[in-house]
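What the coordinates show
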Amino acid sequence: MADRVTVFDTTLRDGEQAPGFSLRVPEKLQLARLLDDLGVDVIEAGFPIASAADAEAVRVVSADLKRPVVAALARCRREDVERAGQSLQGGHRTRIHTFIATSDLHLDRKLHISREQCLEAATAAVSQARGYTDNVQFSAEDATRSDFDFLCRVVESVIKAGATTVNLPDTVGYSTPDEIYEFFHAILSRVPNADKATFSAHCHDDLGLAVANTLAALRAGARQVECTINGIGERAGNASLEEIVMATKVRADRLPYESGVHSEKIFATSQLLTALTGEPVQANKAIVGRNAFAHEAGIHQDGMLKDRRTYEIMRPEDVGVPSTTLVLGKHSGRHAVQHRVQQLGLELSRLELDRLYRRMVALADQQKTVSDAELVQIVADLRAPEPAPAAHGAGHRQGSGTEEIGYGHGV
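Positions within a chain are numbered from 1, following the residues in the order the chain's sequence is written. A pLDDT threshold of at least 70 governs which residues receive local features in this predicted model, and a stricter bar of 80 or more applies before side-chain atom pairs are shown or counted, although totals over entire chains, interfaces and linings include all residues. With hydrogens and water set aside, each side-chain value is computed from the structure's full complement of heavy atoms.

Lines fitted to C-alpha atoms define the axes here, with helix axes fitted over just the stretch in contact, and angles between the N-to-C directions of these axes take values from 0 to 180 degrees. Helix and strand definitions follow DSSP, with helices as H or I runs of at least four residues and strands as E runs of at least two, each counted in order from the N terminus. Viewed as axis vectors pointing N to C, helix α11 (residues 298-306) and helix α12 (residues 334-343) meet at an angle of 50°, and their least axial separation amounts to 8 Å. With respect to α12, the axis of α11 lies oblique. Across from Gln 301, Asp 302 and Leu 305 in α11, the residues of α12 making contact are His 335, Ala 336 and His 339. Classes in brief: Ala, Val, Leu, Ile, Met, Phe, Trp, Tyr, Cys and Pro nonpolar; Asp, Glu, Lys and Arg charged; the others, Gly included, polar. A per-class count over the contact of α11 with α12 returns two nonpolar, three polar and one charged. With respect to orientation, any angle under 35 degrees is reported as roughly parallel, any angle over 145 as roughly antiparallel, any angle of 65 to 115 as roughly perpendicular, and every other angle as oblique. By definition in these notes, contact holds between two residues if any of their heavy atoms fall within 4.5 Å.

If you want it as structure tokens, here you go:
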């Protein structure tokens, strides 16, 4: 039986911190409602101490949503935790997520505090947060670059203080999957009260390993994944929700984990985020990019028309994409062109198909792809009657057989 994994979505907090992705309160609420429909377990709605708008977003979202847990971020400072607690008042299911860096690099160069001061701040913040909610998450920022023995002391102490979830982030995306597996496995084996909390992975994508690292953490015993829609977030972004979810669905044989996410709603959520931020998804982005279920190469198109499993490991409808797209371009084959014109209700003879194919390829050479409207126009031009010969011997059209190009530009 597959293990249940908690999906912690931080699109509205970590995702929104990325340049260009800022959201207003009504937009956050709109996206939060869709994340609720998507089925995520926890929605991190903002960082209340950061701004009045973030505090308001947490208040509005937590009061509006009844099913998912709504989390507010707070540094391990009294005023941060107090502001987070105030913002969550009136919420239905709430969590305070408090954090402090634990690596010597961050303690020395950024916070200018000792390890003991860090430990005291962490336990004090967790204890204070328990005064507002019994659902408290602690994160050890830069955990994967922290001294292991000290990190174990911190984890054990915050669990004793009341933390119900412990997040060990790969804050700068430095780790590799084998390191993440060994790291989580060692922490869970070493900390005596580790069984009293859920462990969480929050991996950044600086080396393009965020999803792989997150899946490695699951294999080692983590049971919460922190992720964002479209993988947005600081610098290169976070682990992508859609990639984690679909990896566990497609490769359940190797990744026996299940979540409450309704995968068929993934694409709509991705599209809303793009519409709200104005930031497009890269074309070749896994799962939600416009090319994720698009095929141009003739060999691939031929295989898809015979059996979609030849070149697709999941169905587009599984993630809410309307259908597979056979893109007509210079690499397309006759089979794909014939299939498309038949879909458009056109029946062509073999000669017409050959002529259409040559003109389509010539046009695609000029403009990369050919649309349905352009295809129909080429067919119409092929079937148009030949113009009458010019009078008075003004000239004779040569029947060289050379095909014309340039159709589809309003001609």
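When accessible area is computed with a 1.4 Å probe and restricted to protein chains, residues below 20% of their type maximum are described as buried, those above 50% as exposed, and intermediate ones as partly exposed. With six of seven residues buried, strand β4 (residues 69-75) is to be regarded as a mostly interior element. Note on pairing: DSSP must find at least two bridges between two strands before they are called paired. Sheet analysis places strand β3 (residues 42-46) next to β4, joined by four bridges and oriented parallel. Opposite Val 42, over in β4, you have Val 69 as the bridge partner. Clockwise travel from the first strand over the helix to the second, with the strands pointing away from the viewer, marks a crossover as right-handed. This β-α-β element, β3 to helix α2 (residues 52-64) to β4, shows right-handed connectivity. The parallel pair β4 and strand β5 (residues 94-101) is bridged by helix α3 (residues 78-88), and the resulting crossover is right-handed.

This part is about the packing of aromatic side chains. Only Phe, Tyr and Trp rings take part, Trp by its six-membered ring, and two of them pair if their centres are within 6.5 Å. Stacked means planes under 30 degrees apart, edge-to-face means over 60, and tilted covers everything else. Taken as a whole, this structure holds two aromatic pairs when the rule is applied. Seen from their ring centres, Phe 47 and Phe 99 are 6.3 Å apart, and the 65° between their planes marks the pair as edge-to-face. Taken together, the positions of Phe 47 in the loop between β3 and α2 and Phe 99 in strand β5 put the pair 52 residues apart, joining distant regions of the chain. Residue Phe 47 shares its accessibility class with Phe 99, and that shared class is buried. Where Phe 183 meets Phe 184, the ring centres are 5.5 Å apart and the plane angle is 90°; that geometry is what we call edge-to-face.

Our next topic: the sheet that holds β4. On the basis of which strands lie adjacent, the closed barrel formed by eight strands has the order β2-β3-β4-β5-β6-β7-β8-β9 and parallel pairing. On average, adjacent strands in this sheet sit at an angle of 25° to one another, irrespective of strand direction. Of the pairings in the sheet, the one linking strand β6 (residues 136-141) to strand β7 (residues 165-167) comprises three bridges and is parallel in character. Residue pairing across strands places Phe 138 opposite Val 166, the latter belonging to β7. Sheet strands in contact with α3 are β4 and β5, and its direction is about 160° off that of β4.

Here helix α10 (residues 266-277) contains 12 residues, and its C-alpha end-to-end distance of 17 Å stays within 8% of the 16 Å for a straight helix at 1.5 Å per residue. Elements that come into contact with the buried residues of α10 comprise α1 (25-38) and α9 (241-250). Where α10 ends, the next residue or the one after it, Gly 278, has phi of about 75°, a positive value. Residue count minus one, scaled by 1.5 Å, sets the expected span of a helix.

Pairing of side chains with opposite charge becomes possible as their charged atoms draw close. Any carboxyl oxygen of Asp or Glu within 4 Å of a side-chain nitrogen of Lys or Arg constitutes a salt bridge here. For the structure shown, the criterion picks out 29 salt bridges. Note that Arg 67 is salt-bridged to Asp 36, the shortest N-O span being 2.9 Å. A residue pair is termed long-range when its members are at least 10 positions apart, and Arg 67 in the loop between α2 and β4 and Asp 36 in helix α1 qualify at 31 residues. Classification of Arg 67 by relative accessible area gives partly exposed; the value is 36%. For Asp 36, a relative accessible area of 17% puts it in the buried group. Among the ionic pairs, Asp 149 bridges to Arg 190, the shortest N-O distance being 2.8 Å. Here the residue Asp 149 occupies a position in helix α6 (residues 148-161), and Arg 190 occupies one in helix α7 (residues 177-190), the gap between them amounting to 41 residues. Salt bridges linked by common partners bring Arg 13, Asp 14 and Glu 44 together as one network.

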